[in-house]
Amino acid sequence: PHPIETDDLRRPRTRTGGSVLLRGVVLHDALEPARIADVRVEGGRIAEIGRGLAAPAGVLEIDGDGLHLAPGVVDAHSHMAISGGVN
């Protein structure tokens, strides 16, 4: 059976209020090779990337061990604007 995704499954299950600390994710940022890092988000924007980051009081921490984080809006690999002869 092929897995399906419903609208209900797309709804966020965790509320962060726009601020969160993701600990130990495999980070794919299209600038460097994939690496394990912490990512601190404040107000919906990435505030800091590094190791051993401190979470401000009241900010949710998520254990990212084994999880991958990659850009969602920016396509790090695109064939857009290439006219023919791709792959």
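What counts as what
- Residues numbered from 1 in each chain as written.
- Predicted model: local features only at pLDDT ≥ 70, side-chain atom pairs only at ≥ 80, totals over all residues.
- Heavy atoms only, no water.
- Helix = DSSP H or I, 4+ residues; strand = E, 2+ residues; numbered from the N terminus.
- Buried < 20%, exposed > 50% of the residue type's maximum accessible area, 1.4 Å probe, protein only.
- Contact = heavy atoms within 4.5 Å.
- Areas by Shrake-Rupley, 256 points an atom, 1.4 Å probe, with all protein chains shown as cover.
- Core = buried A, V, L, I, M, F, W, Y, C linked by side-chain atoms within 4.5 Å.

Undergrad: I'm lost on the overall build of the chain in this one. Help?
TA: Looking only at helices and strands, one finds 1 helix and 5 strands in the chain. Within the span of the chain, comprising 87 residues, buried residues form 21% of the whole. The long-range share in the chain, meaning contacts at least 24 apart out of those at least 6 apart in sequence, stands at 44%. As displayed, the chain has an accessible area near 7000 Å², and 55% of this comes from carbon and sulfur atoms.

Undergrad: Even after reading the chapter, I still don't get the environment of isoleucine 62, so can you show me in this structure?
TA: Within the element layout of this structure, isoleucine 62 appears in strand 4 (residues 60–63). Along the primary structure isoleucine 62 and leucine 21 are separated by 41 residues, whereas in three dimensions their C-alpha atoms are 6.2 Å apart. If we skip the residues at most four places from it in the chain, isoleucine 62 touches Val20, Leu21, Leu22 and Arg23.

Undergrad: Looking at this structure, how should I read the nonpolar core?
TA: Nonpolar side chains in soluble globular proteins tend to end up buried together. Core analysis: the biggest nonpolar cluster contains 7 residues, these being Val20, Leu22, Val25, Leu27, Ala37, Val39 and Val41. If you list the elements that add at least two residues to this core, you get strand 1 (20–27) and strand 2 (35–42). The biggest single contributor to this core is strand 1, with 4 residues. For leucine 22, the residues in contact, after removing those within four places along its chain, are Ala37, Asp38, Val39, Ile62 and Leu69.

Shape is all these values report; function is a separate question.
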